[in-house]
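Listed here are the chains, written in short residue letters.
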Amino acid sequence: MDDLQRMRKVWEFIFEKSVADDADFFTDLDGDSMAAAALVHHVAEEFGVSLPLFEVFDRPTPAELLAAVREQLSVG
């Protein structure tokens, strides 16, 4: 499973529905601050990266959030 599939699975776990890699926006999925916190938590578990909560709102698709994860991994 590649990283984008792993990220999509995190989103699908949170939203309990199928999610497209780059088309499903966080707010379109009825994302709120609780869902954002859950995403940050599960991303940390899955990828070992602690993202600030604002990244979920600034990068509102699985593909964009994965870019933030990759940036953190390259810095760390």
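Just so you know, these numbers come straight off a predicted model, no measurement behind them. Sequence order as written defines the numbering, with residues in each chain counted from 1. Local features in a predicted model are, by the rule used here, given only for residues with pLDDT of at least 70; side-chain atom pairs are given and counted only at 80 or more, and totals for whole chains, interfaces and linings are based on all residues. Heavy atoms throughout the structure, all of them, feed into the side-chain values; hydrogens and water do not.

1. Some details on helix α4 (residues 62-75)
In plain terms, the rule: Only DSSP runs of H or I reaching four residues or more are called helices, and only runs of E reaching two or more are called strands; each is numbered from the N terminus. By this rule, a helix spans an expected 1.5 Å times one less than how many residues it contains. By definition, residues are in contact when any of their heavy atoms lie within 4.5 Å.
For α4, which comprises 14 residues, the first-to-last C-alpha distance of 20 Å matches the rise-based estimate of 20 Å (1.5 Å per residue) to within 8%. Check the buried side of α4 and you find it contacts α1 (3-15), α2 (33-47) and α3 (54-58).

2. So, the packing of aromatic side chains
To describe a pair of aromatic rings, you give the distance between the ring centres and the angle between the ring planes. Here is the rule: Two rings from Phe, Tyr or Trp (for Trp, the six-membered ring) form a pair when their centres are within 6.5 Å of each other. A pair whose planes differ by under 30 degrees is stacked, one over 60 is edge-to-face, and the rest are tilted. Buried, partly exposed and exposed residues are distinguished by accessible area as a fraction of the type maximum, computed with a 1.4 Å probe on protein chains only: under 20%, between the cut-offs, and over 50%, respectively.
As enumerated under the stated definition, the model contains 4 aromatic pairs in all. Taking the centre distance of 5.8 Å and the plane angle of 70° together, the rings of Phe-15 and Phe-26 count as edge-to-face. Highlighted residues: Phe-15 in helix α1 and Phe-26 in the loop between α1 and α2, separated in sequence by 11 residues. Take Phe-15 and Phe-26: they sit in the same class, and that class is buried. For the ring pair Phe-26 and Phe-57, a centre distance of 5.3 Å and an interplane angle of 85° mean the geometry is edge-to-face.

3. Re unusual backbone geometry
A positive phi is found at Glu-16, a non-glycine position, where the angle reads about 55°. Along the polypeptide, Glu-16 turns up in the loop between α1 and α2. Positive phi, close to 65°, is recorded for Asp-30, a residue that is not glycine. Take Asp-30: it is sitting in the loop between α1 and α2.

4. So, the environment of Ala-23
With respect to the helices and strands, the residue Ala-23 is situated in the loop between α1 and α2. Considering only alpha carbons, one finds Ala-23 and Ala-35, 12 residues apart in sequence, at a separation of 18 Å.

5. Quick notes on the confidence of the model for the chain
Spelled out, the test is: The predictor attaches a confidence to each residue, called pLDDT, with possible values from 0 through 100.
Considering every residue of the chain, the mean pLDDT works out to 94; 99% of them sit at 70 or more. Looking at the elements of the chain, mean pLDDT is at its lowest for α4, recorded as 94, and at its highest for α2, recorded as 97.

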